Amino acid sequence: MDQLSAMRVFTRVVETGNFSKAAHSLKMPKTTVTTAVQALEAHLATKLLNRSTRKVVVTTDGALYYERAARILSELDELDGSLSSSRAQPSGKVRVALSGAFADRIIMPALCDFHTRYPKIQLEFDIGDRIVDYVAENIDCALRAGTPTDQSLVARKVADLELRTYASPIYLERMGFPRHPRDLENGHFGVGYMKAYEGRVFPLQFRKEDEEVEVRLDYVISVNEFRSYMAAAVAGIGVAQAIAFTVRDYVDRGELVEILPDWPRDPVPLYIVYPQTRHLSNKVRVFVDWLAKKLNEANQCEAQLKSAAPKAEA
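All values reported here derive from a predicted model rather than from experimental measurement.

Caption draft 1: Structural view of the packing of helix H1 (residues 3-16) against helix H2 (residues 19-26). Where H1 meets H2, the axes come as close as 8 Å, and the angle between the chain directions of the two elements is 120 degrees. Classified by the interaxial angle, the pair formed by H1 and H2 is oblique. Here H1 runs over H2; the crossing is right-handed. On H2, the residues touching Val9, Arg12, Val13 and Thr16 of H1 are Phe19, Lys21, Ala22, Ser25 and Leu26. In terms of residue class, the contact of H1 with H2 is made up of five nonpolar, two polar and two charged.

As C-alpha coordinates, then:
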(Lines give C-alpha, C1' and ligand atoms only; values in the text may rest on other atoms or scores of the structure.)
Protein backbone atom coordinates (compact mmCIF):
# COMPACT_ATOMS: atom_id res chain seq x y z
CA MET A 1 0.00 0.00 0.00
CA ASP A 2 1.18 3.52 -0.85
CA GLN A 3 0.25 5.13 2.48
CA LEU A 4 0.74 8.71 1.29
CA SER A 5 -1.54 8.14 -1.68
CA ALA A 6 -4.10 6.42 0.55
CA MET A 7 -4.03 9.38 2.95
CA ARG A 8 -4.77 11.77 0.08
CA VAL A 9 -7.68 9.62 -1.06
CA PHE A 10 -9.09 9.33 2.46
CA THR A 11 -8.95 13.09 3.11
CA ARG A 12 -10.70 13.79 -0.17
CA VAL A 13 -13.48 11.31 0.68
CA VAL A 14 -13.98 13.07 4.03
CA GLU A 15 -13.99 16.53 2.39
CA THR A 16 -16.41 15.64 -0.41
CA GLY A 17 -18.70 13.44 1.70
CA ASN A 18 -18.80 10.38 -0.53
CA PHE A 19 -16.69 8.08 -2.67
CA SER A 20 -18.14 9.11 -6.03
CA LYS A 21 -17.36 12.82 -5.59
CA ALA A 22 -13.90 12.01 -4.29
CA ALA A 23 -13.23 9.76 -7.28
CA HIS A 24 -14.41 12.47 -9.67
CA SER A 25 -12.25 15.20 -8.12
CA LEU A 26 -9.20 12.91 -8.00
CA LYS A 27 -9.87 11.63 -11.54
CA MET A 28 -9.76 8.03 -10.30
CA PRO A 29 -12.13 5.07 -10.69
CA LYS A 30 -14.45 4.74 -7.71
CA THR A 31 -13.17 1.21 -7.09
CA THR A 32 -9.62 2.57 -6.71
CA VAL A 33 -10.80 5.07 -4.11
CA THR A 34 -12.69 2.39 -2.19
CA THR A 35 -9.72 0.01 -2.27
CA ALA A 36 -7.33 2.71 -1.03
CA VAL A 37 -9.53 3.53 1.98
CA GLN A 38 -10.00 -0.14 2.82
CA ALA A 39 -6.24 -0.72 2.67
CA LEU A 40 -5.63 2.27 4.94
CA GLU A 41 -8.18 0.97 7.47
CA ALA A 42 -6.53 -2.46 7.39
CA HIS A 43 -3.11 -0.91 7.91
CA LEU A 44 -4.34 1.14 10.88
CA ALA A 45 -6.48 -1.72 12.22
CA THR A 46 -9.43 0.65 12.79
CA LYS A 47 -12.56 1.77 11.01
CA LEU A 48 -12.24 5.32 9.64
CA LEU A 49 -15.58 5.63 7.82
CA ASN A 50 -19.10 4.29 8.20
CA ARG A 51 -20.57 3.82 4.72
CA SER A 52 -24.17 4.13 3.57
CA THR A 53 -25.73 4.15 0.09
CA ARG A 54 -25.60 7.95 -0.18
CA LYS A 55 -22.85 9.25 2.08
CA VAL A 56 -20.08 8.37 4.46
CA VAL A 57 -19.88 9.28 8.13
CA VAL A 58 -16.49 9.76 9.75
CA THR A 59 -15.86 7.69 12.87
CA THR A 60 -14.20 9.13 15.97
CA ASP A 61 -10.88 7.56 14.95
CA GLY A 62 -11.44 8.75 11.39
CA ALA A 63 -11.94 12.34 12.51
CA LEU A 64 -8.73 12.28 14.53
CA TYR A 65 -6.80 10.72 11.66
CA TYR A 66 -8.23 13.19 9.13
CA GLU A 67 -7.20 16.21 11.19
CA ARG A 68 -3.57 15.05 11.43
CA ALA A 69 -3.42 13.71 7.87
CA ALA A 70 -4.76 16.94 6.36
CA ARG A 71 -2.15 18.95 8.23
CA ILE A 72 0.67 16.63 7.16
CA LEU A 73 -0.40 16.71 3.49
CA SER A 74 -0.70 20.49 3.52
CA GLU A 75 2.78 20.87 5.00
CA LEU A 76 4.18 18.39 2.48
CA ASP A 77 2.61 20.26 -0.45
CA GLU A 78 4.00 23.53 0.90
CA LEU A 79 7.48 22.01 1.23
CA ASP A 80 7.39 20.62 -2.31
CA GLY A 81 6.13 23.91 -3.69
CA SER A 82 8.71 26.05 -1.91
CA LEU A 83 11.58 23.97 -3.30
CA SER A 84 10.28 23.42 -6.82
CA SER A 85 9.23 27.05 -7.34
CA SER A 86 12.85 28.21 -7.09
CA ARG A 87 13.88 25.89 -9.94
CA ALA A 88 10.91 25.93 -12.28
CA GLN A 89 7.89 27.98 -13.19
CA PRO A 90 4.62 27.08 -11.43
CA SER A 91 2.48 24.72 -13.46
CA GLY A 92 -0.88 22.97 -13.43
CA LYS A 93 -4.55 23.96 -13.34
CA VAL A 94 -5.96 26.74 -11.20
CA ARG A 95 -9.73 26.65 -10.82
CA VAL A 96 -11.25 30.03 -9.88
CA ALA A 97 -14.85 31.04 -9.10
CA LEU A 98 -15.65 34.68 -9.89
CA SER A 99 -18.23 37.08 -11.25
CA GLY A 100 -18.51 37.75 -14.97
CA ALA A 101 -17.82 41.43 -14.22
CA PHE A 102 -14.24 40.66 -13.22
CA ALA A 103 -13.74 37.98 -15.85
CA ASP A 104 -14.86 40.22 -18.73
CA ARG A 105 -13.38 43.52 -17.63
CA ILE A 106 -10.13 42.53 -15.87
CA ILE A 107 -8.95 39.01 -16.62
CA MET A 108 -9.79 38.36 -20.28
CA PRO A 109 -8.18 41.56 -21.65
CA ALA A 110 -4.98 40.85 -19.71
CA LEU A 111 -4.88 37.07 -20.09
CA CYS A 112 -2.05 37.13 -22.66
CA ASP A 113 0.11 38.93 -20.09
CA PHE A 114 -0.52 36.21 -17.50
CA HIS A 115 0.14 33.44 -20.03
CA THR A 116 3.41 35.06 -21.07
CA ARG A 117 4.53 35.20 -17.44
CA TYR A 118 3.28 31.73 -16.48
CA PRO A 119 2.91 29.60 -19.64
CA LYS A 120 2.58 26.33 -17.70
CA ILE A 121 -0.52 27.38 -15.73
CA GLN A 122 -3.99 26.54 -17.06
CA LEU A 123 -6.83 28.67 -15.72
CA GLU A 124 -10.35 27.27 -15.33
CA PHE A 125 -13.08 29.80 -14.49
CA ASP A 126 -16.42 29.07 -12.86
CA ILE A 127 -18.19 32.30 -13.78
CA GLY A 128 -21.21 33.52 -11.81
CA ASP A 129 -22.32 34.53 -8.33
CA ARG A 130 -23.69 31.16 -7.24
CA ILE A 131 -22.80 29.29 -4.07
CA VAL A 132 -19.91 26.91 -4.72
CA ASP A 133 -18.73 23.83 -2.87
CA TYR A 134 -15.00 24.54 -2.80
CA VAL A 135 -13.93 21.01 -1.96
CA ALA A 136 -16.39 18.94 -3.99
CA GLU A 137 -15.97 21.17 -7.06
CA ASN A 138 -12.21 21.40 -6.60
CA ILE A 139 -12.24 25.21 -6.52
CA ASP A 140 -8.80 26.57 -5.63
CA CYS A 141 -9.98 30.10 -4.82
CA ALA A 142 -12.81 32.54 -5.42
CA LEU A 143 -13.09 36.29 -5.91
CA ARG A 144 -15.88 37.68 -3.72
CA ALA A 145 -17.13 41.22 -3.05
CA GLY A 146 -18.04 42.06 0.54
CA THR A 147 -16.57 40.85 3.82
CA PRO A 148 -16.72 37.02 4.00
CA THR A 149 -18.83 35.53 6.77
CA ASP A 150 -17.92 31.86 6.25
CA GLN A 151 -15.46 31.02 9.01
CA SER A 152 -14.23 27.95 7.10
CA LEU A 153 -12.61 30.19 4.47
CA VAL A 154 -9.31 32.03 4.52
CA ALA A 155 -9.75 35.55 3.10
CA ARG A 156 -7.18 37.92 1.62
CA LYS A 157 -8.31 41.45 0.84
CA VAL A 158 -7.11 42.51 -2.62
CA ALA A 159 -8.96 45.77 -3.34
CA ASP A 160 -11.59 48.31 -2.31
CA LEU A 161 -14.19 48.75 -5.04
CA GLU A 162 -15.89 52.04 -5.85
CA LEU A 163 -19.59 51.66 -6.64
CA ARG A 164 -21.50 54.33 -8.54
CA THR A 165 -25.12 54.73 -9.63
CA TYR A 166 -26.22 54.49 -13.26
CA ALA A 167 -29.28 54.61 -15.49
CA SER A 168 -29.83 54.54 -19.24
CA PRO A 169 -30.69 57.69 -21.25
CA ILE A 170 -34.02 56.04 -22.13
CA TYR A 171 -34.86 55.59 -18.48
CA LEU A 172 -33.84 59.14 -17.52
CA GLU A 173 -35.89 60.62 -20.36
CA ARG A 174 -38.92 58.77 -19.03
CA MET A 175 -38.40 59.16 -15.28
CA GLY A 176 -36.33 62.31 -14.90
CA PHE A 177 -32.87 63.05 -13.53
CA PRO A 178 -32.71 62.72 -9.69
CA ARG A 179 -30.94 65.46 -7.72
CA HIS A 180 -30.94 63.67 -4.36
CA PRO A 181 -31.13 59.96 -3.47
CA ARG A 182 -34.56 60.52 -1.89
CA ASP A 183 -35.85 61.65 -5.30
CA LEU A 184 -35.57 57.99 -6.34
CA GLU A 185 -38.39 57.16 -3.93
CA ASN A 186 -40.81 59.15 -6.07
CA GLY A 187 -41.81 56.58 -8.66
CA HIS A 188 -38.39 55.31 -9.72
CA PHE A 189 -37.52 51.65 -10.24
CA GLY A 190 -34.32 49.72 -9.60
CA VAL A 191 -32.79 46.67 -11.20
CA GLY A 192 -32.67 44.19 -8.33
CA TYR A 193 -29.38 42.43 -7.67
CA MET A 194 -29.39 39.35 -5.48
CA LYS A 195 -26.37 37.27 -4.52
CA ALA A 196 -27.22 33.59 -4.43
CA TYR A 197 -25.33 33.07 -1.17
CA GLU A 198 -27.20 35.88 0.63
CA GLY A 199 -30.69 35.42 -0.82
CA ARG A 200 -31.85 39.04 -0.74
CA VAL A 201 -32.04 42.04 -3.05
CA PHE A 202 -29.54 44.69 -2.07
CA PRO A 203 -30.74 48.26 -1.38
CA LEU A 204 -29.11 51.26 -3.02
CA GLN A 205 -26.78 53.04 -0.61
CA PHE A 206 -25.39 56.57 -0.82
CA ARG A 207 -23.04 58.77 1.16
CA LYS A 208 -22.21 62.48 1.00
CA GLU A 209 -19.81 63.60 3.72
CA ASP A 210 -21.51 62.52 6.98
CA GLU A 211 -24.95 61.89 5.49
CA GLU A 212 -25.91 58.32 4.61
CA VAL A 213 -29.03 57.36 2.68
CA GLU A 214 -30.42 53.90 1.93
CA VAL A 215 -33.11 53.49 -0.71
CA ARG A 216 -35.12 50.33 -1.39
CA LEU A 217 -36.68 50.67 -4.82
CA ASP A 218 -39.45 48.63 -6.36
CA TYR A 219 -38.09 46.46 -9.12
CA VAL A 220 -39.49 44.79 -12.20
CA ILE A 221 -36.72 42.20 -12.31
CA SER A 222 -34.01 40.92 -9.98
CA VAL A 223 -31.01 38.91 -11.16
CA ASN A 224 -27.94 37.26 -9.64
CA GLU A 225 -25.54 37.69 -12.56
CA PHE A 226 -23.64 40.78 -13.71
CA ARG A 227 -24.26 40.63 -17.46
CA SER A 228 -28.03 40.35 -17.03
CA TYR A 229 -27.95 43.12 -14.42
CA MET A 230 -26.24 45.48 -16.86
CA ALA A 231 -28.44 44.41 -19.77
CA ALA A 232 -31.54 45.31 -17.75
CA ALA A 233 -30.09 48.72 -16.83
CA VAL A 234 -29.12 49.46 -20.45
CA ALA A 235 -32.64 48.48 -21.57
CA GLY A 236 -34.08 51.18 -19.30
CA ILE A 237 -35.71 48.88 -16.74
CA GLY A 238 -34.30 50.71 -13.74
CA VAL A 239 -31.47 52.28 -11.78
CA ALA A 240 -28.39 50.16 -10.98
CA GLN A 241 -25.32 50.46 -8.81
CA ALA A 242 -22.13 48.87 -10.09
CA ILE A 243 -18.36 48.87 -9.71
CA ALA A 244 -17.14 51.86 -11.69
CA PHE A 245 -14.53 50.17 -13.86
CA THR A 246 -16.86 47.30 -14.80
CA VAL A 247 -19.30 49.68 -16.54
CA ARG A 248 -16.75 52.01 -18.16
CA ASP A 249 -17.48 50.62 -21.64
CA TYR A 250 -21.23 51.18 -21.23
CA VAL A 251 -20.63 54.78 -20.14
CA ASP A 252 -18.19 55.47 -22.98
CA ARG A 253 -20.74 54.17 -25.52
CA GLY A 254 -23.48 56.35 -24.03
CA GLU A 255 -25.57 53.36 -23.00
CA LEU A 256 -25.44 54.31 -19.31
CA VAL A 257 -25.18 57.67 -17.56
CA GLU A 258 -23.88 58.17 -14.05
CA ILE A 259 -26.45 59.80 -11.79
CA LEU A 260 -25.97 61.36 -8.37
CA PRO A 261 -22.17 61.59 -8.86
CA ASP A 262 -21.78 63.50 -5.57
CA TRP A 263 -23.39 60.57 -3.73
CA PRO A 264 -21.09 57.56 -4.12
CA ARG A 265 -21.60 54.36 -2.21
CA ASP A 266 -19.04 53.40 0.42
CA PRO A 267 -16.27 51.27 -1.10
CA VAL A 268 -16.90 47.53 -1.05
CA PRO A 269 -13.96 45.29 -0.08
CA LEU A 270 -12.95 42.57 -2.52
CA TYR A 271 -11.45 39.33 -1.21
CA ILE A 272 -9.77 36.23 -2.56
CA VAL A 273 -11.06 33.32 -0.48
CA TYR A 274 -10.07 29.67 -0.26
CA PRO A 275 -10.80 26.79 2.14
CA GLN A 276 -8.72 26.47 5.30
CA THR A 277 -8.12 22.83 4.43
CA ARG A 278 -6.53 23.76 1.09
CA HIS A 279 -2.95 24.98 0.93
CA LEU A 280 -2.44 28.07 -1.22
CA SER A 281 0.02 26.55 -3.68
CA ASN A 282 2.58 28.52 -5.64
CA LYS A 283 0.52 28.36 -8.84
CA VAL A 284 -2.51 29.81 -7.02
CA ARG A 285 -0.40 32.39 -5.21
CA VAL A 286 1.08 33.84 -8.42
CA PHE A 287 -2.39 34.09 -9.94
CA VAL A 288 -3.76 35.84 -6.84
CA ASP A 289 -0.84 38.31 -6.81
CA TRP A 290 -1.27 39.02 -10.53
CA LEU A 291 -5.03 39.51 -10.18
CA ALA A 292 -4.63 41.85 -7.20
CA LYS A 293 -2.26 44.00 -9.24
CA LYS A 294 -4.66 44.15 -12.21
CA LEU A 295 -7.60 45.09 -9.97
CA ASN A 296 -5.68 47.94 -8.38
CA GLU A 297 -4.55 49.16 -11.80
CA ALA A 298 -8.19 49.19 -12.95
CA ASN A 299 -9.24 51.12 -9.83
CA GLN A 300 -6.50 53.70 -10.34
CA CYS A 301 -7.31 54.11 -14.04
CA GLU A 302 -10.99 54.66 -13.27
CA ALA A 303 -10.13 57.25 -10.60
CA GLN A 304 -8.00 59.17 -13.12
CA LEU A 305 -10.76 59.07 -15.73
CA LYS A 306 -13.30 60.18 -13.15
CA SER A 307 -11.25 63.18 -12.01
CA ALA A 308 -10.67 64.28 -15.62
CA ALA A 309 -14.28 63.87 -16.82
CA PRO A 310 -16.87 66.68 -16.59
CA LYS A 311 -19.89 66.05 -14.38
CA ALA A 312 -23.07 64.90 -16.11
CA GLU A 313 -25.85 67.44 -16.39
CA ALA A 314 -29.55 66.83 -16.26
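Right, picking up where we left off after that structure.
Caption draft 2: Spatial organisation of the packing of aromatic side chains. For the structure on display, the rule yields seven aromatic pairs. Aromatic pair Phe287 and Trp290: ring centres 6.1 Å apart, planes at 35 degrees, arrangement tilted. With Phe287 and Trp290 both in helix H9 (residues 282-308) and three residues apart, the pair spans about one turn of that helix. Clustering of aromatic rings is evident, with ring pairs tying together Phe114, Tyr118, Phe125, Phe287 and Trp290. Between the NZ or CZ atom of Arg253 and the centre of the ring of Tyr250, over which it lies, the distance is 5.3 Å.

Caption draft 3: Geometry of a nonpolar patch on the surface. On the surface, Phe189, Val220 and Ile221 cluster together into a nonpolar patch covering about 250 Å² of accessible area. Structurally, Ile221 is set in strand S11 (residues 218-223). Classification of Ile221 as partly exposed rests on a relative accessible area of 33%.

Caption draft 4: Inspection of the pairing of strand S4 (residues 121-127) at higher detail. Relative to S4, strand S3 (residues 92-98) runs parallel, the two sharing seven bridges. The partner of Leu98 across the bridge, within S4, is Ile127. With helix H5 (residues 100-117) bridging S3 and its parallel neighbour S4, the resulting β-α-β unit is right-handed.

Caption draft 5: Highlighting the nonpolar core. Core analysis: the largest hydrophobic core is formed by 32 residues, its most contacted members being Phe102, Leu143, Leu161, Phe245, Leu270, Leu291 and Leu295. For this core, the secondary structure elements donating two or more residues are S3, H5, strand S5 (141-145), strand S6 (153-161), strand S14 (268-275) and H9. Of the residues forming this core, the biggest block, nine residues, is contributed by H9. Residues in contact with Phe245, not counting those within four places in the same chain, are Phe102, Arg105, Ile106, Leu161, Leu295, Ala298, Asn299 and Glu302. Counting residues in hydrophobic clusters, the runner-up holds 20 residues, among them Val13, Ala36, Ala69 and Ala70.

Thresholds applied
Residues numbered from 1 in each chain as written. Predicted model: local features only at pLDDT ≥ 70, side-chain atom pairs only at ≥ 80, totals over all residues. Heavy atoms only, no water. Axes fitted to C-alpha atoms, helices over the stretch in contact; angles between N-to-C directions. Helix = DSSP H or I, 4+ residues; strand = E, 2+ residues; numbered from the N terminus. Parallel < 35°, antiparallel > 145°, perpendicular 65-115°, else oblique. Left-handed = near helix turned anticlockwise from the far one by under 90°. Contact = heavy atoms within 4.5 Å. Nonpolar A, V, L, I, M, F, W, Y, C, P; charged D, E, K, R; others polar. Phe/Tyr/Trp six-rings, centres within 6.5 Å; stacked < 30°, edge-to-face > 60°. Lys NZ or Arg CZ within 6 Å of the ring centre and 35° of its normal. Patch = residues over 30% accessible without salt bridge, like charges linked within 9 Å, V, L, I, M, F, W, Y side chains within 5 Å. Areas by Shrake-Rupley, 256 points an atom, 1.4 Å probe, with all protein chains shown as cover. Salt bridge = Lys/Arg side-chain N within 4 Å of Asp/Glu carboxyl O. Buried < 20%, exposed > 50% of the residue type's maximum accessible area, 1.4 Å probe, protein only. Pairing = 2+ DSSP bridges. Right-handed = clockwise from strand over helix to strand, strands pointing away. Core = buried A, V, L, I, M, F, W, Y, C linked by side-chain atoms within 4.5 Å.

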